[in-house]
Amino acid sequence: MQKDRTATLILDDGTVFHGFSFGAEKPVSGEVVFNTAMTGYPESLTDPSYAGQLMVLTYPLVGNYGVPPRTFRPDGLSEFMESERIHADAIIVSDYSHEYSHWNAVCSLGDWLKEENIPGIYGIDTRALTKKLREHGVMMGRIVMEDVKDVAKYLHDFGIYGAVNYVDEVSCKEVITYGAGEGKKRVILVDCGVKHNIIRCLLKRGVTVVRVPWDYDFTQLEYDGVFISNGPGDPDTCDAAVQNIRKAIAGDKPICGICMGNQLLAKAGGASIYKLKYGHRSHNQPVRMVGTNQCFITSQNHGYAVDNNTLGEDWEPLFINMNDGTNEGIRHKTKPFFSSQFHPEACSGPTDTEALIFDKFVGML
Ligand SMILES: NC(=O)CC[C@H](N)C(=O)O
């Protein structure tokens, strides 16, 4: 067994968790959030929605299937990841497997983290940490590469997660077109930090995707529909996107959104957003389609939610979370606008709602 460097996680209330480093040896701070999924660390780490967050995995054994190749398709989309790089600011686990085995693995999780300069720590009692976050709510934390004895000197400058416009950091900087072709329907993709599988799911359905920066005024372009992506941070920092979406909802072209896309569409329709105590981050969130008894198991990663009570009279909830009754999607009562708070494109699954959302949107174009 190799000897790893001591590392410590400090929460902003002074709670300390001692562990060891298996990634980049640098200090970092961010919002500490937990995810209860059993698989999918390559996809979660590269999901831009995790920017600014230290990701705690509750599944106790992590790293045993390694990391797939970071290869790209000819159109520039990642083959096995959700973006070009790791976006979470750190990963926190209980037991790290230094050995790995998988048909598609090319390196260990630790080597990948080191290569991308992202800290990872193990040996943390993630069960106690998660209980703490569930009771208190998410909080800011920092990881330092030492054995902390005097915690008081670290309890400063944790930063404020909700004050940063992370979307601006992760969105594309110029317009990128995928799958262009004669006679194809053109979908504007508002990139708030898009997961590549959203683009793959649209391209698979034969449309042209025009990916635009989050604050780009797409309403001047020719298009058949608009898709609003997922993204990191507080949706209240994305006013420029809301203004453009508001112009689009004055028209009749189909609009769909996922996660941050649900929140921004709701805001454009006049609704408010609030912060959940500890968010939904897992592969098994049950949602019910309003007006039916149809339920779906969904993958989720969000810390904010649409306030159902503030939806304007033209809008109604489309999905409701069966654990806590919070909003999981909205629809316009008369126009072809709808969105989901969950991830129908989820990689590594479940894929139960992919057709429900993508086929419906593309069918409307
Ligand atoms: N995955 C997402 O799009 C997350 C949206 C938003 N950042 C939230 O945490 O609620």
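Residues numbered from 1 in each chain as written. Predicted model: local features only at pLDDT ≥ 70, side-chain atom pairs only at ≥ 80, totals over all residues.

A. Examining the nonpolar core more closely. Of all hydrophobic cores here, the largest spans 88 residues; its most connected members are Met55, Ile91, Ile92, Leu189, Val190, Leu202 and Leu265. Among the elements that take part in this core, helix H7 (residues 260–268) stands out by supplying five residues, more than any other. Contact partners of Leu265, with chain neighbours within four places excluded, come to Ile228, Ile245, Ile255, Gly257, Ile330, Phe337 and Ser339. (Core = buried A, V, L, I, M, F, W, Y, C linked by C-beta atoms within 7 Å. Buried ≥ 20, exposed ≤ 12 C-beta atoms within 10 Å, placed from the backbone. Helix = DSSP H or I, 4+ residues; strand = E, 2+ residues; numbered from the N terminus. Contact = placed C-beta atoms within 7 Å.)

B. Up close: the UniProt feature "domain: Carbamoyl-phosphate synthase small subunit N-terminal" (unreviewed entry) in the chain. UniProt marks residues 5–144 with the feature "domain: Carbamoyl-phosphate synthase small subunit N-terminal" (unreviewed entry), using the numbering shown here. End C-alpha to end C-alpha, residues 5–144 measures 11 Å, and it is 16% helix and 29% strand. (UniProt positions renumbered as here; feature names shortened; annotations may be inferred.)

C. Seen up close, the UniProt feature "binding site: L-glutamine" (unreviewed entry) in the chain. Listed under "binding site: L-glutamine" (unreviewed entry) in the UniProt record, and renumbered for this structure, are Ser49, Gly231, Gly233, Met260, Gln263, Asn301, Gly303 and Tyr304. Separation in sequence by 256 residues is not matched in space for these annotated residues, since their most distant C-alpha atoms are only 13.3 Å apart. The residue Met260 is located in helix H7 in this model. Not counting residues up to four positions away in its chain, the partners in contact with Met260 are Cys192, Ser229, Asn230, Gly231 and Pro235. Residue placement: Asn301 occurs in strand E16 (residues 295–306). Non-local contacts of Asn301, meaning those with residues more than four positions away in its chain, are made with Asp47, Ser49, Arg281 and His343.

D. How the structure looks around the sheet that holds strand E4 (residues 53–57). Strand order in the closed barrel made by the seven strands is E1-E2-E8-E6-E4-E3-E9, with mixed pairing throughout. Put simply, the sheet's adjacent strands are angled 35° from each other on average, direction ignored. Packed on one face of the sheet, helix H3 (residues 126–136) meets strand E2 (16–21), strand E3 (28–35), E4, strand E6 (90–92) and strand E9 (139–144) and runs near 120° to E4. (Pairing = 2+ DSSP bridges. Axes fitted to C-alpha atoms, helices over the stretch in contact; angles between N-to-C directions.)

E. Spatial organisation of unusual backbone geometry. A cis amide bond, omega 20°, links Cys347 with the succeeding residue Ser348. Tracing the sequence through the fold places Ser348 in the loop between strand E19 (337–340) and helix H8 (354–364). In the segment running from Gly349 into Pro350, the intervening peptide bond is cis, with an omega of -5°. By secondary structure assignment, the location of Pro350 is in the loop between E19 and H8. Despite not being glycine, Asn117 shows a phi value in the positive range, around 60°. Tracing the backbone through its elements, the reader meets Asn117 in the loop between helix H2 (109–115) and strand E8 (120–122).

F. The sheet that holds strand E17 (residues 315–321), seen in detail. If you walk across this open sheet you meet the 10 strands as E10-E12-E11-E13-E14-E19-E18-E17-E15-E16, and the pairing is mixed. Across the chains shown, the open sheet's two edge strands, defined by having one partner strand only, are strand E10 (176–178) and E16. Averaged over all neighbouring strand pairs, the angle between strand axes comes to 25°, with direction disregarded. Judged from the three bridges that link them, strand E13 (residues 225–228) and strand E14 (residues 255–258) form a sheet pairing that is parallel. When the bridges of E14 are listed, Ile228 appears paired with Gly257. Each of E10, strand E11 (186–191), strand E12 (208–213), E13 and E14 touches helix H5 (residues 196–203); the most contacted strand, E12, lies at about 150° to it.

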